[in-house]
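Chain by chain, the residues run as shown.
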Amino acid sequence: MIRPTKYLKIEQCVLRVAALLLYEVRTVLAVPFPELDSLVSTRLGDAARANLNTAINLLYLMGLVEYNDATDTLIYIEVENRSTV
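What counts, and where the lines are drawn
Residues numbered from 1 in each chain as written. Predicted model: local features only at pLDDT ≥ 70, side-chain atom pairs only at ≥ 80, totals over all residues. Heavy atoms only, no water. Helix = DSSP H or I, 4+ residues; strand = E, 2+ residues; numbered from the N terminus. Rg over C-alpha atoms; globule rule 2.2 N^0.38 Å. Contact = heavy atoms within 4.5 Å. Areas by Shrake-Rupley, 256 points an atom, 1.4 Å probe, with all protein chains shown as cover. Core = buried A, V, L, I, M, F, W, Y, C linked by side-chain atoms within 4.5 Å. Buried < 20%, exposed > 50% of the residue type's maximum accessible area, 1.4 Å probe, protein only. Expected span 1.5 Å × (residues − 1). Pairing = 2+ DSSP bridges. Axes fitted to C-alpha atoms, helices over the stretch in contact; angles between N-to-C directions.

### A look at the overall build of the chain
Okay, so step 1: Secondary structure assignment for the chain yields three helices and three strands.
Okay, so step 2: Helices and strands in the chain line up, N terminus first, as α-β-α-α-β-β.
Okay, so step 3: Here the chain has a C-alpha radius of gyration of 13 Å; the compact-globule value for 85 residues is 12 Å, and the two agree.
Okay, so step 4: Each principal axis of the C-alpha atoms in the chain carries an extent, and together these give about 40 × 30 × 20 Å.
Okay, so step 5: Taking the contacts inside the chain whose residues are at least 6 apart along the sequence as the reference set, 53% of them involve residues at least 24 apart.
Okay, so step 6: In the structure as shown, the chain presents an accessible area of about 6,000 Å², 55% of it carried by carbon and sulfur atoms.

### Section: the nonpolar core
Okay, so step 1: In terms of nonpolar packing, the biggest core is built from 21 residues, with Val-17, Leu-21, Val-25, Val-40 and Leu-59 touching the most fellow members.
Okay, so step 2: It is helix α1 (residues 14–28) that provides the largest number of residues to this core, a total of seven residues.
Okay, so step 3: Setting aside residues no more than four positions away along its own chain, Val-25 makes contact with Ala-30, Val-31, Leu-36, Val-65, Leu-74, Ile-75 and Tyr-76.

### Section: the side chain of Thr-73
Okay, so step 1: Within the secondary structure, Thr-73 sits in strand β3 (residues 73–76).
Okay, so step 2: When near neighbours in sequence (up to four residues on either side) are disregarded, Thr-73 contacts Val-31, Pro-32, Phe-33, Glu-66, Tyr-67 and Asn-68.

### Some remarks on α1
Okay, so step 1: Taking 1.5 Å of rise per residue, the 15 residues of α1 would be expected to cover 21 Å, and the 21 Å separating its terminal C-alpha atoms lies within 8% of that figure.
Okay, so step 2: Those residues of α1 that sit buried are Val-14, Val-17, Ala-18, Leu-20, Leu-21, Leu-22, Glu-24 and Val-25.
Okay, so step 3: Trailing α1 by a residue or two, Leu-29 shows a phi angle of about 80 degrees, which is positive.

### Quick look at the sheet that holds strand β2 (residues 65–68)
Okay, so step 1: Judged by pairing direction, the sheet is antiparallel, and its three strands sit side by side in the order β1-β3-β2 without closing on themselves. If you trace the sheet from one side to the other, it starts and ends with β1 (30–32) and β2, each paired once. Here the strands of the sheet are splayed against their neighbours by 25 degrees on average, with no regard to which way each runs.

Remember that the coordinates give geometry; whether it matters functionally is a separate question.
In structure tokens:
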């Protein structure tokens, strides 16, 4: 469960990492996973890398991205192509 505490570091939290990933994926449309890992490490610090997988899971569950196994990339799903549940 994602629960904030008074000791939460905003720059390293899951929502901040997810926002950075979404910004990057929306501008490029397909980003290799190692590039995302290095992006989070350089922009938010090594401590934020612990939240990388959780942030990707959050974006996937929201229907904003999909993962391509063959190319190891995260792909942004355009608004027109999203499924409505």
